[in-house]
Amino acid sequence: LRVAKLSKVQALSLVSKLDYEAEIKEKFLQQLEQNLYERYVSFASNPLLLTILLLTYDQYADIPEKMHLFYQECFNTLYSRHDASKGGFKRVNLTKLPLDDFSQLLSHMSAASYFQQKRSFSTEELLGIIKDASEADDFQVDPECYKNDLIEALCLLVQDGLEYIYSHRSFQEYFTAKYISNLE
């Protein structure tokens, strides 16, 4: 089964029903109506990613035109600001990695999987990729904890049956590009 894409009308309806600060939500709805839906249709047509758009908009009062800035802001929002809007609820970051180290490790594992042409992973494959990337980057991290952070704390990976996939393929592509750009 696959989640059907939200139409613009459905996306607007979903956002209007979210329990979120009214002023921010109203401004976001205006932007979504005007051009945001069309500009980011692959995000705006997915309920989870639409919510990430709203959270990012709330943090930065805009969605950047440049895609690399957009993805960086999405990651920053998911990593550290996501739960600020939830009345004190704080997701547990099991790995306790600082944002830059978490991003570096994610970039490495994304590149490794991308170059292996892997879009979905069994538990063993995912843990192996995380383990290899963390050892190469010299991070002391439990692969199981990092996997859980990617799924539970950041929502960048989702479980699809017995496999794990990126919540949006473009996250894998963005972090792969980031890894390549940081090669010395």
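This text goes with the structure placed above it.
Here's what I pulled together on the structure shown here. Per chain, residues are indexed from 1 in the order of the written sequence. pLDDT decides what is reported in this predicted model: residues at 70 or higher carry local features, side-chain atom pairs at 80 or more are listed and counted, and totals for whole chains, interfaces and linings draw on all residues regardless. Calculated side-chain values reflect all of the structure's heavy atoms, with hydrogen atoms and water omitted.

### A closer look at the environment of D58
Now for step 1: Here D58 lies in helix α4 (residues 47-60).
Now for step 2: On the basis of relative accessibility, which here comes to 22%, the residue D58 falls in the partly exposed class.
Now for step 3: Taking the C-alpha atoms as reference points, D58 and K27, 31 residues apart in sequence, are found 9.5 Å from one another.
Now for step 4: Here a residue-residue contact requires only that any non-hydrogen atoms of the pair lie within 4.5 Å. Contact partners of D58, with chain neighbours within four places excluded, come to Y20 and I24. Secondary structure counts use DSSP, requiring at least four H or I residues in a row for a helix and at least two E residues in a row for a strand, with both numbered from the N terminus. Working definition: with a 1.4 Å probe on protein chains only, accessible area under 20% of the residue-type maximum means buried, over 50% means exposed, and in between means partly exposed.

### Quick word on the nonpolar core
Generally speaking, a soluble globular protein has its nonpolar side chains buried in company with each other.
Now for step 1: In terms of nonpolar packing, the biggest core is built from 52 residues, with L32, M109 and Y146 touching the most fellow members.
Now for step 2: The dominant element in this core, judged by the number of residues it contributes, is α4, at 7 residues.
Now for step 3: Apart from the residues lying within four places of it in its own chain, the contact partners of M109 are L126, I129, I130, A133, Y146, L150 and Y166. As used in this record, nonpolar core signifies buried Ala, Val, Leu, Ile, Met, Phe, Trp, Tyr and Cys residues forming a set joined through side-chain atoms within 4.5 Å.

### Concerning the state of the cysteines
Now for step 1: Two cysteine sulfur atoms form a disulfide, by the criterion used here, when they sit within 2.5 Å. Enumeration over the complete set of coordinates arrives at 0 disulfides.
Now for step 2: Note on C74: no disulfide assigned, nearest cysteine sulfur contributed by C155 at a separation of 12 Å.
Now for step 3: When its relative accessible area of 0% is taken as the criterion, C74 is described as buried.
Now for step 4: C145 takes part in no disulfide bond, and the closest cysteine sulfur, belonging to C155, lies 17 Å away.

### Topic: a nonpolar patch on the surface
Now for step 1: Patch definition: residues above 30% relative accessible area lacking any salt bridge, with like charges linked at up to 9 Å and the nonpolar side chains Val, Leu, Ile, Met, Phe, Trp and Tyr linked at up to 5 Å. Computed by Shrake-Rupley with a 1.4 Å probe, the accessible areas treat only the displayed protein chains as cover when residues are assessed. Here, a salt bridge means any Lys or Arg side-chain nitrogen found within 4 Å of an Asp or Glu carboxyl oxygen. On the surface, Y114, F115, I180 and L183 cluster together to form a nonpolar patch covering roughly 400 Å² of accessible area.
Now for step 2: In this fold, Y114 is placed in helix α6 (residues 99-115).

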